[in-house]
Amino acid sequence: YQMSYCAALCGYPTSVTEALIRQAIDLEPQNIHYRIGLASLLTRLGRKHEAITVVGNLIPGKLDEITCLCCIKRFANLFFDCDDFGRAKACAIRLN
């Protein structure tokens, strides 16, 4: 995961960054932080439905493990934009 972060900082193509994050997830599939990183990248790339696939099965179950309010807000907006109002509401409640 750290390699993906460094690759992004060094200007490598997003495909390299994405591949490295996916490898980290393959090694540790339940790590919510790796999934947040990949979902955030996919959202920035306009691939919202793929982003939901990455984090969808962990929310709302692991929502309490997310401590970054910006990430929770990002996911609330992501779910809302993709008409997943139940998970959008769960994120909004967590924000409060």
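Source: prediction; values computed, not measured.

(A) Seen up close, the side chain of Ser4. Inspection of the secondary structure assignment puts Ser4 in helix 1 (residues 2-9). If sequence neighbours within four positions are ignored, Ser4 has contacts with Thr17, Leu20 and Ile21.

(B) Region of interest: the packing of aromatic side chains. Across all of its chains, the model carries 2 aromatic pairs by this definition. Here the aromatic rings of Tyr1 and Tyr34 are separated by 4.8 Å at their centres, their planes lie at 15°, and the arrangement is stacked. Taken together, the residues Tyr1 in the segment before helix 1 and Tyr34 in helix 3 (residues 32-44) connect sequence positions 33 residues apart. On the basis of an interplanar angle of 70° and a centroid distance of 5.4 Å, the ring pair of Phe80 and Phe85 is categorised as edge-to-face. By relative accessible area, which is 49% here, Phe80 ends up partly exposed.

(C) Region of interest: the packing of helix 5 (residues 69-81) against helix 6 (residues 85-95). Look at helix 5 against helix 6: their axes get within 8 Å of each other, and the N-to-C directions meet at 155°. Considering their axes alone, helix 5 and helix 6 lie roughly antiparallel with respect to each other. Between helix 5 and helix 6 the crossing geometry is left-handed. Along the contact surface, helix 5 presents Leu69, Ile72, Lys73, Phe75, Ala76, Phe79 and Phe80, while helix 6 presents Phe85, Arg87, Ala88, Cys91, Ala92, Arg94 and Leu95. Per-class residue counts for the contact of helix 5 with helix 6 are 11 nonpolar, no polar and 3 charged.

(D) Local environment of the environment of Ala90. Among the structural elements, Ala90 can be located in helix 6. Ala90 sits 15 residues away from Phe75 along the chain, and the two C-alpha atoms are 9.9 Å apart. Every residue in contact with Ala90, bar those within four places of it in the chain, is listed here: Pro60 and Leu63.

(E) Broad picture of the side chain of Asn31. If you trace the backbone, Asn31 turns up in the loop between helix 2 (14-27) and helix 3. Given the relative accessible area of 14%, Asn31 is considered buried.

(F) Molecular detail of helix 4 (residues 48-55). Residues of helix 4 that are buried: Ala51, Ile52, Val54 and Val55. An end-on view of helix 4 places all buried positions within 155° of arc, on one side of the element. Exposed side of helix 4, more than 90 degrees from the buried face: His49 and Thr53 are the residues found there. As for helix 4, its buried residues are in contact with helix 3 and helix 5.

(G) Layout of the layout of surface pockets. Estimates place the volume of the largest pocket at around 210 Å³. Residue lining of the largest pocket: Tyr1, Ser4, Tyr5, Ala8, Tyr12, Thr14, Thr17, Ile21, Gly37, Ser40, Leu41 and Arg44, and that is the complete set. Of all elements in the fold, only helix 1, helix 2 and helix 3 reach the threshold of two or more residues within the lining of the largest pocket. At 4 residues, the largest contribution of residues to the lining of the largest pocket is made by helix 3. The residue inventory of the lining of the largest pocket, partitioned by class, reads 6 nonpolar, 5 polar and 1 charged.

Parameters and conventions
- Residues numbered from 1 in each chain as written.
- Predicted model: local features only at pLDDT ≥ 70, side-chain atom pairs only at ≥ 80, totals over all residues.
- Heavy atoms only, no water.
- Helix = DSSP H or I, 4+ residues; strand = E, 2+ residues; numbered from the N terminus.
- Contact = heavy atoms within 4.5 Å.
- Phe/Tyr/Trp six-rings, centres within 6.5 Å; stacked < 30°, edge-to-face > 60°.
- Buried < 20%, exposed > 50% of the residue type's maximum accessible area, 1.4 Å probe, protein only.
- Axes fitted to C-alpha atoms, helices over the stretch in contact; angles between N-to-C directions.
- Parallel < 35°, antiparallel > 145°, perpendicular 65-115°, else oblique.
- Left-handed = near helix turned anticlockwise from the far one by under 90°.
- Nonpolar A, V, L, I, M, F, W, Y, C, P; charged D, E, K, R; others polar.
- Arc of directions from axis to C-beta.
- 1 Å grid on protein atoms, 1.4 Å probe; cavity = no way out; pocket = protein on both sides within 12 Å on 5 of 7 lines; lining within 4 Å.
- Points joined across faces, edges and corners; volume = space filled by probe spheres on them.

These figures come from the coordinates and say nothing about function on their own.
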